Amino acid sequence: MFKNHLKIAFRFFKKNKLFTGINILGLAIGITAFILLIRYVSYEKSYDKFLLDIDNLYRVTLTSNLGDKGFVTSATNHPAVGPAMERDFPEVENFTRIVDKSLPFSSTIILSYTNKHGDIIKSDANDDQIHFADNSILELFDIDLIHGDSLNALEEPNSIILMSGIAQRFFGKEDPLGKIIKINGNFELKVTGVFDERPQNTHLPLGMVISYTTFSKDNRFSNSWVWPEFYNYVKLRPGTDPKLVESKFPAFVQKYLNDIMNEHGFEAKFGLQPVKDIHLKSKIDKEISANTNEGTLYFLLIVASFIIAIALINFINLSTAKSMERAKEVGIKKVAGASRKSLIRQFLYESLIINFFAMVLAFLFINLLTPSFNSLVGLPVLGITMWGKWKIWIAMISIFIGGGILAGLYPAFVLSNFVPIEVLRGKFHQSTKGTSLRKSLVVAQFAISIALIAGTFIVYSQFSFMQNQDLGFDADHNLVLNSPIYSDTTMQGKLKTFKAELIQNPKINGVTISNEIPGKRVTWNNMIRKGHEEKEQGVASALISIDDDFFETYKIDLLAGRDFVEEDARLYMSETQMTVRVIINNTAAKVLGYPDPQMAINEKIIYTLGSERQAEVIGVVEDYHQQSLENEYSPMLFLYFPYSTGSYITVNILGGNTINETVMDVETTYKDFFPNDLFKHFFVDDYFNKQYQANVKFGTICLLFSILAIFIAALGLFGLGSHMAMQKTKEISVRKVMGATVGQALAIIPKKLLSLVLISGAIALPVIYIITKKWLENYAFKIQINIWMLLVPLLIVMVVAALSIISQSLRTALINPAESLRDE
């Protein structure tokens with residue numbers, strides 16, 4: 001019996017090649033898109049899940065009230081928090097403190113190793129994820145050493161453990177233990193361990209870890225309660241309720257921070273953040289690495305569900321439409337003695353066979369797309385190992401069985417139930433039951449497609465707006481170099497001469513030295529206030545060190561007052577001069593109470609950088625975007641320190657065809673002045689736009705899969721249009737005999753289907769408007785949704801729908817009525 005069913009099924013497929021091909025291809029593409037998206041979402045949700053004690057691991061956050069910003073939560077805390085919690089809280093089993101390399105070192109780090117032959121191997125280590133940490137990091141974050149002793153690898157000062165790939169870079173096949181690596185030519189570290197490459201799905205990427213004791217000999221790094229730049233992680237004892245620990249925090253904060261809060265006029269709160277939630281749910285300041293928005297993943301899950309829904313709707317719709325042609329077949333079979341059970345099996349077998357071939361094709365598509373998709377998302381999401389995950393197979397099997405049954409359900413259970421004499425008389429063809437179902441499915445299908453396109457259109461418009469908005473500074477052709485790290489007493493003079501040498505180049509417009517550049521989170525942040533105000537009236541501000549060419553080089557407009565001159569820098573080094581000169585941005589002027597920039601000039605303010613100091617405002621500059629347009633303008637205070645404090649050298653060069661030549665000129669000059677340093681450079685616009693990489697990736701994924709959704713829908717519409725054209729052949733022939741023109745006959749089929757697209761738009765567009773309007777609230781600078789953003793997607797879908805059915809409609813409209821009516 002089974003063999004007979006297969007034979008009949010394949011005979012049907014051979015006879016109906018177009019129907020079969022459309023179903024298999026549409027389903028295969030839908031399954032491929034679905035698996036790709038859910039695999040990506042699954043990967044993003046797997047962050048840090050490989051840690052054995054992930055359920056007991058927490059990060060201690062700090063929430064402080066920062067003037068006009070209200071309470072702001074930070075991922076970092078004070079270095080004394082971990083040890084104090086271990087002493088005071090019996091629920092805390094262990095702790096570790098982690099701090100980024102940028103705190104003790106400059107922005108540039110060069111590692112060097114002198115091998116046994118006397119050769120010096122240098123490496124730019126800025127991208128190597130270097131951190132300082134307590135030895136307990138090895139236990140809390142499951143770092144297994146392949147060389148060295150985990151019990152004490154990071155106990156001694158000046159110890160370092162390396163990832164195996166980095167060790168290979170320096171030592172080759174030599175035993176790495178005991179080798180000496182230097183940071184910036186003078187800071188020696190002994191290699192005490194090597195660990196294997198860690199999974200990329202972690203919020204804490206580690207390339208090298210330096211022992212915390214290296215600089216904790218200074219009590220500021222162990223017992224400080226006024227330096228909130230350290231990541232504190234605690235491991236709670238199994239079975240501990242984190243809310244119980246959090247309930248003790250108010251008293252804990254009062255015990256250690258009460259005097260400091262009273263002195264500086266702020267309030268602090270601590271919290272426990274589960275490590276397993278950091279990558280998806282954390283939206284706080286000073287994250288150790290970039291996180292993913294959980295809402296984005298839910299949106300992609302919706303997209304994945306929509307795509308597979310469209311593919312299945314196509315399958316079901318075409319199957320139900322095709323079943324109308326098979327009504328007589330069913331009637332004849334029943335007359336010939338076929339049972340209802342046998343007919344049900346036949347239709348379900350056919351449906352499952354189509355699903356099976358679609359699954360095989362999808363499997364091939366996924367494996368072929370693996371490199372491209374991994375490159376698109378920038379993560380090793382797909383690979384041969386994914387086929388060993390049971391969730392993937394559950395998804396595949398569910399689609400196979402669910403899709404097969406759903407698509408075969410209608411013809412199997414409805415047609416098989418008809419009385420043969422009624423079916424043979426054609427009564428089924430006059431029923432509105434099948435027509436209503438198909439119309440509902442088409443409306444659902446195109447509502448989903450319109451929603452996807454409209455949503456993607458609005459998302460892309462917002463991202464495009466952010467990337468093309470005026471940033472308030474000149475981002476074009478600004479070449480950034482890392483300041484030299486091999487410093488001596490002549491460095492300040494060298495930097496000054498280096499600037500002067502570069503300016504002599506006619507292809508260079510300006511040069512400036514600063515400790516921050518646009519696109520980077522500002523490292524120094526503290527409170528500023530008017531000179532006569534109390535501490536609690538202060539507002540949070542970024543503090544940026546620049547020279548007297550910064551605003552001119554970046555083309556930042558001066559609204560009031562004057563720019564820095566070299567004399568202003570000397571005031572910072574003076575032991576007798578108490579008032580220094582500063583420049584603030586327009587937002588800082590406003591929050592300080594100066595609505596007109598001119599009102600702030602010559603006013604006295606207090607800022608804190610280590611200690612409080614009085615400053616005179618000599619200038620107010622226009623606001624510019626230090627970070628992405630997701631953020632509001634922030635108050636900024638600019639200081640003019642001597643040259644040697646700068647981390648970056650920005651060189652504004654001419655555009656055109658000479659850019660590469662100019663970069664080579666700058667490199668030559670740099671190496672002449674600083675031969676021991678590595679020349680590393682990048683352009684500000686590229687650096688700034690890195691902030692949007694996650695957004696661009698998200699928008700690209702949405703766009704690609706929206707196109708796939710439309711393609712699948714168009715594929716189904718092509719098949720459905722072909723069926724309708726065949727069904728309407730006699731009606732169109734009669735109309736032509738009665739005098740209808742070819743144009744009027746041509747409009748019959750598109751008119752019916754396009755009216756369904758309009759209904760779909762009426763359903764989808766209000767929903768997507770509400771959703772995207774809510775999504776845009778996450779951005780400080782955003783677009784306004786206009787009517788064209790909603791109408792264009794509707795028009796796109798209508799054009800795609802029209803093109804999908806026009807060929808069948810035209811062929812039917814041109815048919816000779818005599819041929820189709822001769823049997824009537």
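Here's what I pulled together on the structure shown here. (Residues numbered from 1 in each chain as written. Predicted model: local features only at pLDDT ≥ 70, side-chain atom pairs only at ≥ 80, totals over all residues. Heavy atoms only, no water.)

So, about the overall build of the chain. Of the regular secondary structure elements, the chain holds 28 helices and 24 strands. Here the chain holds 824 residues, and 53% of them are scored as buried. Contacts in the chain between residues at least 24 apart in sequence constitute 80% of all its contacts with a sequence separation of at least 6. Accessible surface, the chain as shown: approximately 37,000 Å² in total, 57% of it carbon and sulfur. (Helix = DSSP H or I, 4+ residues; strand = E, 2+ residues; numbered from the N terminus. Buried < 20%, exposed > 50% of the residue type's maximum accessible area, 1.4 Å probe, protein only. Contact = heavy atoms within 4.5 Å. Areas by Shrake-Rupley, 256 points an atom, 1.4 Å probe, with all protein chains shown as cover.)

Once that is clear, we can look at unusual backbone geometry. Positive phi, normally seen in glycine, also occurs at D142, with a value near 50 degrees. Its identity is not glycine, yet K286 carries a phi of approximately 60 degrees, on the positive side.

Core analysis: the biggest nonpolar cluster contains 138 residues, and I35, V582, I584, Y607 and F638 have the highest contact counts within it. Of all the elements, helix α2 (residues 17-45) adds the most residues to this core, at 16 residues. Excluding residues within four positions of it along the chain, Y607 makes contact with M527, I528, L543, Y572, V580, V582, E612, R613, A615, L637 and L639. Judged by nonpolar contacts, the second largest core, of 49 residues, contains I98, F141, V191 and Y231. (Core = buried A, V, L, I, M, F, W, Y, C linked by side-chain atoms within 4.5 Å.)

Let us now look at the packing of aromatic side chains. Under the criterion given, the structure shown has 38 aromatic pairs. An aromatic cluster is present here, built from F473, F550, F551, Y554, Y624, F638, F688 and Y692 joined pairwise through their rings. The positively charged end of K530 is found above the aromatic ring belonging to Y594, 4.7 Å away from the centroid. (Phe/Tyr/Trp six-rings, centres within 6.5 Å; stacked < 30°, edge-to-face > 60°. Lys NZ or Arg CZ within 6 Å of the ring centre and 35° of its normal.)

Let us now look at the packing of helix α16 (residues 491-503) against helix α21 (residues 659-673). The contact between α16 and α21 brings their axes to 11 Å, and the two run at 155 degrees. Here α16 lies roughly antiparallel to α21, going by the angle between them. You can see that α16 and α21 cross each other, and the crossing is right-handed. Facing K494, T497, F498, E501 and L502 of α16, the residues of α21 in contact are V666, T669, Y670 and F673. By residue class, the composition of the contact of α16 with α21 is five nonpolar, two polar and two charged. (Axes fitted to C-alpha atoms, helices over the stretch in contact; angles between N-to-C directions. Parallel < 35°, antiparallel > 145°, perpendicular 65-115°, else oblique. Left-handed = near helix turned anticlockwise from the far one by under 90°. Nonpolar A, V, L, I, M, F, W, Y, C, P; charged D, E, K, R; others polar.)

Let us now look at the pattern of salt bridges. One pass over the full model with this rule turns up 23 salt bridges. A salt bridge links E516 to K520; the shortest N-O distance between them is 2.8 Å. For the pair formed by E516 and K520, the shared burial category is buried. For E612, the salt bridge identified is with R529, shortest N-O distance 2.9 Å. Residue E612 is found in strand β21 (residues 611-621), and its partner R529 is found in strand β16 (residues 525-530); the two are separated by 83 residues along the sequence. Assessed through its relative accessible area of 11%, R529 is described here as buried. (Salt bridge = Lys/Arg side-chain N within 4 Å of Asp/Glu carboxyl O.)

A cluster of basic residues, K45, K49, K281, K389 and K391, forms a positive patch on the protein surface. Since its relative accessible area comes to 48%, K281 is described here as partly exposed. (Patch = residues over 30% accessible without salt bridge, like charges linked within 9 Å, V, L, I, M, F, W, Y side chains within 5 Å. Lys, Arg positive; Asp, Glu negative; His and termini not counted. Charge placed at Lys NZ, Arg CZ, Asp CG, Glu CD.)

Read across the sheet, four strands follow the order β15-β23-β14-β24 without closing on themselves; strand pairing throughout is antiparallel. The open sheet is flanked by β15 (508-514) and β24 (681-683), the only strands paired with a single partner. Across the sheet, the axes of successive neighbouring strands diverge by a mean angle of 25 degrees, strand direction being ignored. In this sheet, strand β23 (residues 648-653) lies alongside β15 in antiparallel orientation, the contact comprising six bridges. (Pairing = 2+ DSSP bridges.)

The topology assignment puts S514 in strand β15. According to the relative accessible area criterion, S514 is buried, its value standing at 1%. C-alpha of S514 to C-alpha of T650: the two residues are 136 residues apart in sequence and 8.0 Å apart in space. Separated by 2.6 Å, the side chain of S514 and the backbone oxygen of E516 make a polar contact. (Polar contact = N/O pair within 3.5 Å; in protein donor to acceptor, adjacent residues only side chain to side chain.)

At L257, helix α8 (residues 249-264) shows its strongest bend, of approximately 70 degrees. Directly after α8, the chain includes G265, whose backbone phi takes a positive value near 70 degrees. (Bend = angle between axes of the 7 residues up to and from the residue.)

In this structure, strand β4 (residues 110-114) lies alongside strand β5 (residues 120-124), joined through five bridges in antiparallel fashion. Note on β5: the bridge partner recorded for Y113 is I121. The antiparallel pairing of β4 with β5 creates a hairpin that spans five residues between the two strands, and G118 there sits at a positive phi of about 90 degrees.

As for its position among the elements, I450 is in helix α15 (residues 432-468). Judged by relative accessible area, I450 falls into the buried class, the value being 0%. The spatial distance from the C-alpha of I450 to the C-alpha of G761 is 6.5 Å, given a sequence separation of 311 residues. Apart from the residues within four sequence positions on either side, I450 is in contact with V757, S760, G761, A764, L765, P793, L794 and V797.

Right, let's get into the environment of T76. The residue T76 is located in the loop between β2 (71-74) and α3 (81-88) in this model. Within the structure, the side chain of T76 is placed 2.8 Å from the side chain of S74, a separation counted as a polar contact. There is a polar contact of 2.8 Å between the side chain of T76 and the backbone oxygen of P228.

On to a nonpolar patch on the surface. Residues F356, F357, V360, F363, L364, W393, I397, I401, I405, L406 and L409 make up a contiguous nonpolar surface patch of about 950 Å² in total accessible area. Counting residues per element, the ones that place at least two in the nonpolar patch are α12 (340-377) and α13 (390-413). Examining the composition of the nonpolar patch, we find that six residues originate from one element, α13, more than from any other. Considering the arrangement of structural elements, one finds I401 in helix α13.

Moving on, we come to the packing of α3 against α8. Here α3 crosses α8 at 120 degrees, and the two axes come no closer than 12 Å. Classified by the interaxial angle, the pair formed by α3 and α8 is oblique. Two packed elements cross with a definite hand, and for α3 against α8 that hand is right-handed. For the pair α3 and α8, contact is made by V81, A84, M85, R87 and D88 and by F249, F252, K255 and Y256, respectively. In the contact of α3 with α8, the residues fall into six nonpolar, no polar and three charged.

Turning to the side chain of S483, a few remarks are in order. Relative to the helices and strands, S483 is located in the loop between β14 (478-482) and α16. Note on S483: relative accessible area 6%, which makes it buried. A polar atom in the side chain of S483 sits 3.4 Å from the backbone nitrogen of Y648.

That is the geometry; function is a separate question.
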